[in-house]
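Here's the letter readout for the chains.
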Amino acid sequence: MPMKLFKCDETIPEREKHVYIKEKGEDTTQFLPSAHVETIPGSLSERGCSYCGAKLVIGGVLKDTIQLIHGPVGCAYDTWHTKRYPSDNGNFQLKYVWSSDMKEQHVVFGGEKLLKKAMLEAFAEFPDIKRMMVYTTCSTALIGDDIKPVVKEVEKELGDVDIFTVECPGFAGVSQSKGHHVFNMGWMTDKVGTYEPEITSPYTINVIGDYNIQGDTFVLEKYMEKMGVQIIAHFTGNGTYDSLRGMHRAQLNVTNCARSAGYIANELKKKYGIPRIDVDTWGFDYAKEGLRKIGAFFGIEDRAEAVIAEEVAKYESKLAWYKERLTGKKVCIWTGGPRLWHWTKALEDDLGMKVVAMSSKFGHQEDFEKVIARGEEGTIYIDDGNELEFFEVLEMVKPDLVLTGPRVGALVKKLHLPYVNGHGYHNGPYMGFEGAVNMARDMYNAIYSPLMKLAQSDIRGEQIKTVIAEEKSKLGESEVEQSKSFDITSTEPIAVLESSKIDTQPFLLPADKPLHRESEIEQSKSFDITSTEPIAVLESSEINTQPLRIPDNQPLPQWQQIGGKFSAFLEQLPKYLGSFSTEYQMPIICFATIITATITVKIILAVLDVINEIPQLNLVFELTGIGYLIWFVFRYLFKASTRQELAAQISFIQKEIVEGQD
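**Looking at the packing of helix H9 (residues 216-227) against helix H13 (residues 301-326)**
So, point 1. For the pair H9 and H13, interaxial distance at closest approach is 9 Å and the crossing angle is 135 degrees. Regarding the angle of H9 to H13, the classification is oblique. In this structure, H9 meets H13 at a crossing whose hand is right-handed. Each of Lys222, Tyr223, Lys226 and Met227 in H9 lies in contact with H13, whose residues at this interface are Arg303, Ala304, Val307, Glu310, Glu311 and Lys314.
So, point 2. In terms of residue class, the contact of H9 with H13 is made up of four nonpolar, no polar and six charged.

**As for the nonpolar core**
So, point 1. Counting residues in each nonpolar core, the largest one holds 96 residues, and the members touching the most others are Phe183, Trp187 and Met443.
So, point 2. Ignoring anything within four residues of it in the chain, the contact list for Trp187 reads Met133, Phe164, Val192, Tyr241, Leu244, Arg245, Met247 and Ile264.
So, point 3. Of all hydrophobic cores here, the second largest spans 19 residues; its members include Leu115, Ile129, Val150 and Val151.

**Things to note about the environment of Ala346**
So, point 1. By the secondary structure assignment, Ala346 is in helix H14 (residues 339-351).
So, point 2. Leave out the neighbours within four places in its chain, and Ala346 touches Trp282, Gly283, Tyr286 and Leu351.

**Quick look at a nonpolar patch on the surface**
So, point 1. A contiguous nonpolar surface patch, about 720 Å² in accessible area, is contributed by Leu619, Leu623, Ile626, Ile630, Phe634, Leu637 and Phe638.
So, point 2. Its location among the elements puts Ile626 in helix H23 (residues 617-637).

**Some details on the confidence of the model for the chain**
So, point 1. Scored by pLDDT, the chain has a mean of 84; 83% of the residues are at 70 or more.
So, point 2. The low-confidence segment residues 483-553, where pLDDT is below 50, has 42 contacts with residues more than four positions distant or belonging to other chains.

**Focus on the sheet that holds strand S11 (residues 354-360)**
So, point 1. Across the sheet, six strands lie side by side as S1-S12-S11-S10-S13-S14; this open sheet has mixed pairing. Of all the strands in the sheet, the pair left with one neighbour each is strand S1 (19-21) and strand S14 (419-421). On average, each strand axis in the sheet is tilted by 15 degrees relative to the strand beside it, whichever way the strands run.
So, point 2. Sheet topology note: the S11/strand S12 (residues 380-383) ladder contains four bridges and is parallel. Bridging from a neighbouring strand, Ser359 pairs with Ile382 of S12.
So, point 3. Against the sheet, helix H15 (residues 365-374) engages S1, S11 and S12, with an angle of about 170 degrees to S12.
So, point 4. Sheet contacts for helix H18 (residues 432-448): strand S13 (401-404) and S14; angle to S13, the most-contacted strand, approximately 130 degrees.

**Things to note about the sheet that holds strand S3 (residues 98-99)**
The strands making up a sheet are joined through hydrogen bonds of the backbone, oriented either antiparallel or parallel.
So, point 1. Spatially, four strands are ordered S3-S2-S4-S5 in an open sheet, and the strand pairing comes out parallel. Two strands bound the open sheet, and with one partner strand each, they are S3 and strand S5 (162-166).
So, point 2. Helix-sheet contacts for helix H1 (residues 50-58) involve strand S2 (66-70), strand S4 (131-136) and S5, and the interaxial angle to S4 is about 165 degrees.

**Points about the state of the cysteines**
So, point 1. Taken as a whole and judged by the stated rule, the model has zero disulfides.
So, point 2. A disulfide-free cysteine, Cys138 has its sulfur positioned 6.2 Å from the sulfur of Cys49, the nearest such atom.
So, point 3. Given a relative accessible area of 31%, Cys138 falls into the partly exposed group.

**Examining the side chain of Asp162**
So, point 1. For Asp162, the location among the structural elements is in strand S5.
So, point 2. On the basis of relative accessibility, which here comes to 14%, the residue Asp162 falls in the buried class.
So, point 3. A distance of 2.5 Å separates a polar atom in the side chain of Asp162 from a polar atom in the side chain of Tyr241.

**Regarding the packing of aromatic side chains**
So, point 1. Tallied over the entire structure, the rule returns 29 aromatic pairs.
So, point 2. Centroid distance Phe164 to Phe183: 5.4 Å. Interplanar angle 80 degrees. Geometry classified as edge-to-face. Here Phe183 lies in helix H8 (residues 177-190) and Phe164 lies in strand S5, a separation of 19 residues in the sequence.
So, point 3. For Phe164, a relative accessible area of 1% puts it in the buried group.
So, point 4. Note on Trp282 and Trp343: the rings are 5.9 Å apart at their centroids and 80 degrees apart in plane angle, and the pair reads as edge-to-face. On the criterion of sequence distance, the pair formed by Trp282 in the loop between strand S9 (276-278) and helix H12 (284-298) and Trp343 in helix H14 is long-range, its members being 61 residues apart.

**As for the environment of Cys49**
So, point 1. Here Cys49 is to be found in the loop between S1 and H1.
So, point 2. Given a relative accessible area of 32%, Cys49 falls into the partly exposed group.
So, point 3. For Cys49 and Gln176, which are 127 residues apart along the polypeptide, the C-alpha to C-alpha distance reads 4.8 Å.
So, point 4. With near-sequence residues (within four places) excluded, Cys49 lies in contact with Gly170, Ser175 and Gln176.

Scoring rules and cut-offs
Residues numbered from 1 in each chain as written. Predicted model: local features only at pLDDT ≥ 70, side-chain atom pairs only at ≥ 80, totals over all residues. Heavy atoms only, no water. Axes fitted to C-alpha atoms, helices over the stretch in contact; angles between N-to-C directions. Helix = DSSP H or I, 4+ residues; strand = E, 2+ residues; numbered from the N terminus. Parallel < 35°, antiparallel > 145°, perpendicular 65-115°, else oblique. Left-handed = near helix turned anticlockwise from the far one by under 90°. Contact = heavy atoms within 4.5 Å. Nonpolar A, V, L, I, M, F, W, Y, C, P; charged D, E, K, R; others polar. Core = buried A, V, L, I, M, F, W, Y, C linked by side-chain atoms within 4.5 Å. Buried < 20%, exposed > 50% of the residue type's maximum accessible area, 1.4 Å probe, protein only. Patch = residues over 30% accessible without salt bridge, like charges linked within 9 Å, V, L, I, M, F, W, Y side chains within 5 Å. Areas by Shrake-Rupley, 256 points an atom, 1.4 Å probe, with all protein chains shown as cover. Salt bridge = Lys/Arg side-chain N within 4 Å of Asp/Glu carboxyl O. pLDDT = per-residue confidence, 0-100. Pairing = 2+ DSSP bridges. Disulfide = S-S within 2.5 Å. Polar contact = N/O pair within 3.5 Å; in protein donor to acceptor, adjacent residues only side chain to side chain. Phe/Tyr/Trp six-rings, centres within 6.5 Å; stacked < 30°, edge-to-face > 60°.

Structural data, given as structure tokens:
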């Protein structure tokens, strides 16, 4: 049976559908792991949420855009600066994070006013930034905040800004893949075609699904510049908001990550007729193939070959050095989605490594079709793997290296296995020719680093135990030889004991000898504390068990004097407090009254603030007050008789309260 149920999953047997081990001669389309489905309850998933897929993976990469998260501050913090997406404008997108910072009261009464306030404040703090993306989160989606009307109000009020809304809360899909899809389709519908880019070359492309991890985009830009190809838009590595609005003017869509950005490439083809080609930009052979595809499309194959020849001359010998040392090394690839099939052949063909296990967090079944087709027999394929499964796989395949993210990487290191960050890289870029060498270098350094082997060694081995025992033995012999006799009744300082080792075992008196009084201490004899003679030497010197007494004329030690004074103070403390409260009773009461009144006023004001936030309640109070005022005027003020009645009531209340009369 090709599907595999791990031992750790015996209590959740449904996990068997998500694990496949490739065997010879199998039709892989019949044994694809279940993918892009809800995580099974009881399985500790490594997936991210849908909001994370939109903000962290795609939108948050743009270098000139305010990324405002409408929700609790944690949603902003957890998707800020967690991946290495640099830019050529000082890494603006990595320095700042924006949040409406919703609290409980906004969840109860609505957060649209808070959102508008946060948007205006963000634009005011960054006057040079005129572009913004606003994201909903689980909290704001559950309470039904409608962010699009708020966005229109802000655009109308400020005039020169452009804002994109991403309505994809965390619970919208089974993984971050839903966020990719929502962002792609929303941008295509709302923004593409609303800006006209400047065309500087007869050859124009969009680079789709590249996020400039540690400079990947800069590598691709260099190749395109040498070939004379203009990149209209990067979706979204080192990209700008307006360049993405002009994607409709490109002649070709070059798609790298088909899982996170293939949607918009397909829509551009449907609406504007822009063809799409998929490339693999990781690995030597894949980089050659990708450049040749682009060159063939535009008829500039000679330029593509010139770039390939130049890059191969720089890096081929370096890659060969690493291949010699990495051939045969076993590696696990546990990443997001498409890198499984991007990296599999690159590692096996370029470096001679063996991929023995692969796990995808958000890949679809079409992704598993690609990776299984490229993989070798016996390789383990897992959808939505969890930590216990990873541990079991590591025991099964015993890899030399794991390519994964920092979360799983931290667990792997505890097993003394090296890992390389497959999400944010160790020392990138990893794309292109130089990227292939960088990746090989990081894998080589991880596998051959002595740190992991040192971590496995227990320095408290038998050898060190033997050395310690020998040293103890030598120390004991030397101390016995240097020991001196001293009188146990001596009053000399304890410093005389420095040359003698005192046994910590208690002295035992003969059972038939009674204890004697203090007077018998004077008859005690001196003896060598290191002596091996029987305890009988104590017969003529008895030890009194009474505590030593300090003569009356001898002053107490300083610590005892201080302790006595402190004890006396504690005894008198209740008396001091009683007299203080009696003497200052009125000031204490006044102070307590002021504090109580202040707290009461603050509570009343807080309650009033909360009441003011309740929709329509202000209007109800105002109408009630106006109604009562009208009634009072008609009841007491229009007629002389009613005015006299009112005066009589006021006089009665005055006598009853002020004068104390009934």
